[in-house]
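Survey of secondary and tertiary structure
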Amino acid sequence: MKTSRKYLQILLYLVLILICLLQCLPFYLALNASLKPGTDLSSTIVPRLADIEWENWGRAFTEGNILGAILNSAIVTAISTLLVCLIGAFAAYPLARRITRFNKAVSAVIIAMMMIPPLSTLVPLYSMLVQMGAINTYWGIILVHTTGNLPLAIFLYTSFIKAIPTSVDEAGMIDGASSWRICVQLILPMLKPVTATVVIMSATNIWNEYALSNYILADPNMQTIAPRVASFFSANASSLGLAAASALMSAAPIVIVYLFLQKYFIAGMVAGVEK
């Protein structure tokens, strides 16, 4: 019995290692391609040390202005994600604690908004932003990303808060705390797991968003990473190494954020399912 269980564990570890290798394979292939000279079109998986060329990374920084695009994306993503978390948490608290007909209708509208394709609102959205003078501005694209990611954030926060016992609120009321103080001092500190989920999902969506950013930020100096990499990729389609280097640069920041927050991610995703 113990021997069979040991073999099952070994088999499980082998399967997990295989899955990890398959997940890492695209990154390795991209890294391998980014280290090849522009004239090397071979399909070798293991590059020779003598043929490794770092010039692709340098050219991606200088010619592609990838660093400037990363800074633009970092500003937009950080502010938008912060607003999504704050507004989402404060909006979800009354929806979770006061189960009225009006709040149920608001929750239904929020769920319905999650099903609307963003590009279906592009024409009226662009027209409104032009009238507001928000084209080629940070605050314009931040406003768009914040409103676009709020429905999912409110939905996740509402599910998580519903799983928190109402006795927490009642204990605060006994101590004379207001609803605002209960939300800020008691509920918000308990939202770390779902907040990590909201941060990862919102930041990933904002960082990788291409279509809306491509229209709203037409100025090359204001471009975020996704439109910038796409334009640089199309301009250097003949050089696979340059394209791979720029793609890896664009993916690195969001992968690092995920590695730091991954332990909270699953807890936040399954929050409230038992309720």
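Residues numbered from 1 in each chain as written. Predicted model: local features only at pLDDT ≥ 70, side-chain atom pairs only at ≥ 80, totals over all residues. Heavy atoms only, no water.

**So, the overall build of the protein**
The helix and strand tally for the protein stands at 12 helices and zero strands. Sequence-ordered secondary structure for the protein, helices as α and strands as β, is α-α-α-α-α-α-α-α-α-α-α-α. A total of 275 residues make up the protein; the buried ones form 37% of that total. Considering only contacts within the protein whose residues lie at least 6 apart along the sequence, 75% involve residues at least 24 apart. Surface summary for the protein: the accessible area is close to 16,300 Å², and the carbon and sulfur share equals 71%. (Helix = DSSP H or I, 4+ residues; strand = E, 2+ residues; numbered from the N terminus. Buried < 20%, exposed > 50% of the residue type's maximum accessible area, 1.4 Å probe, protein only. Contact = heavy atoms within 4.5 Å. Areas by Shrake-Rupley, 256 points an atom, 1.4 Å probe, with all protein chains shown as cover.)

**A look at a nonpolar patch on the surface**
A contiguous nonpolar patch, built from Tyr7, Leu8, Ile10, Leu11, Leu12, Tyr13, Leu14, Val15, Leu16, Ile17, Ile19 and Leu21 and spanning about 1,200 Å² of accessible area, is present on the exposed surface. With respect to the helices and strands, Tyr7 occurs in helix 1 (residues 2-34). Look at Tyr7 and you get exposed, because its relative accessible area is 57%. (Patch = residues over 30% accessible without salt bridge, like charges linked within 9 Å, V, L, I, M, F, W, Y side chains within 5 Å. Salt bridge = Lys/Arg side-chain N within 4 Å of Asp/Glu carboxyl O.)

**A word on helix 6 (residues 138-162)**
Here helix 6 is 25 residues long and its end C-alpha atoms lie 35 Å apart, about the 36 Å a rise of 1.5 Å per residue gives. Its maximal kink placed at Leu150, helix 6 deviates by approximately 40 degrees, while the proline Pro151 follows within four residues. Two or three places before Gly140, at the opening of helix 6, Thr137 has a side-chain oxygen 3.2 Å from that residue's backbone nitrogen. (Expected span 1.5 Å × (residues − 1). Bend = angle between axes of the 7 residues up to and from the residue. Polar contact = N/O pair within 3.5 Å; in protein donor to acceptor, adjacent residues only side chain to side chain.)

**A word on the side chain of Arg97**
Mapped onto the elements of the fold, Arg97 is located in helix 3 (residues 66-97). Among the polar contacts made by the side chain of Arg97, one reaches the main-chain carbonyl oxygen of Ile164 at a distance of 3.0 Å. Here the side chain of Arg97 touches Asp169 through a polar contact of 3.0 Å, side chain to side chain. In this view, Arg97 contacts Ile161, Lys162, Ile164, Pro165, Thr166, Asp169 and Ile187; residues no more than four positions away in its chain are not counted.

**So, the packing of helix 7 (residues 167-174) against helix 8 (residues 179-187)**
Geometry of a packed helix pair, given as the angle between the helix axes and the separation of the axes. Closest axis-to-axis distance for the helix 7/helix 8 pair is 10 Å, and the angle between their directions is 120 degrees. The orientation of helix 7 relative to helix 8 falls into the category oblique. You can see that helix 7 and helix 8 cross each other, and the crossing is right-handed. The segment helix 7 lies against helix 8, with Val168, Asp169, Gly172 and Met173 engaging Ile182, Leu186 and Ile187. (Axes fitted to C-alpha atoms, helices over the stretch in contact; angles between N-to-C directions. Parallel < 35°, antiparallel > 145°, perpendicular 65-115°, else oblique. Left-handed = near helix turned anticlockwise from the far one by under 90°.)

**Describing the packing of aromatic side chains**
Tallied over the entire structure, the rule returns one aromatic pair. An angle of 15 degrees between the planes, with centres 5.1 Å apart, marks the rings of Phe90 and Trp180 as stacked. Separated by 90 residues along the polypeptide, Phe90 in helix 3 and Trp180 in helix 8 bring together distant segments of the chain. Given a relative accessible area of 30%, Phe90 falls into the partly exposed group. (Phe/Tyr/Trp six-rings, centres within 6.5 Å; stacked < 30°, edge-to-face > 60°.)

**Focus on the state of the cysteines**
Counted by the stated rule, this structure contains zero disulfides. In this model Cys20 remains outside any disulfide bridge; the closest cysteine sulfur is found in Cys24, 6.5 Å from its own. Residue class for Cys20 comes out partly exposed when judged on its relative accessible area of 47%. (Disulfide = S-S within 2.5 Å.)

**Examining the packing of helix 3 against helix 11 (residues 225-235)**
Two elements in contact, helix 3 and helix 11, have axes separated by 8 Å at closest approach and are oriented at 155 degrees. Here helix 3 is positioned roughly antiparallel relative to helix 11, judged by the angle of their axes. Facing Ile66, Ala69, Ile70 and Ser73 of helix 3, the residues of helix 11 in contact are Ile225, Arg228 and Val229. Its residues assigned to classes, the contact of helix 3 with helix 11 comprises five nonpolar, one polar and one charged. (Nonpolar A, V, L, I, M, F, W, Y, C, P; charged D, E, K, R; others polar.)

**A few points about the side chain of Asn149**
You can see Asn149 is positioned in helix 6. Only 3.4 Å separates the side chain of Asn149 from the side chain of Asn205, close enough to count as a polar contact. Ignoring any residue separated from it by four or fewer positions in sequence, one finds Asn149 in contact with Val84, Ser202, Asn205 and Ile206.

**A word on the environment of Leu150**
Counting through the fold element by element, Leu150 comes out in helix 6. Leu150 has contacts with Val84, Ile87 and Gly88, leaving out every residue within four places of it along the chain.

**Section: the nonpolar core**
Counting 24 residues, the largest nonpolar core has Tyr157, Ile161, Ile187, Leu191, Val194 and Val198 as the members making the most contacts within it. Sequence-distant contacts of Tyr157, that is, excluding residues within four places in its chain, are made with Cys85, Gly88, Ala89, Ala92, Leu191, Val194, Thr195 and Val198. Of all hydrophobic cores here, the second largest spans 14 residues; its members include Val76, Leu125, Leu129 and Val144. (Core = buried A, V, L, I, M, F, W, Y, C linked by side-chain atoms within 4.5 Å.)

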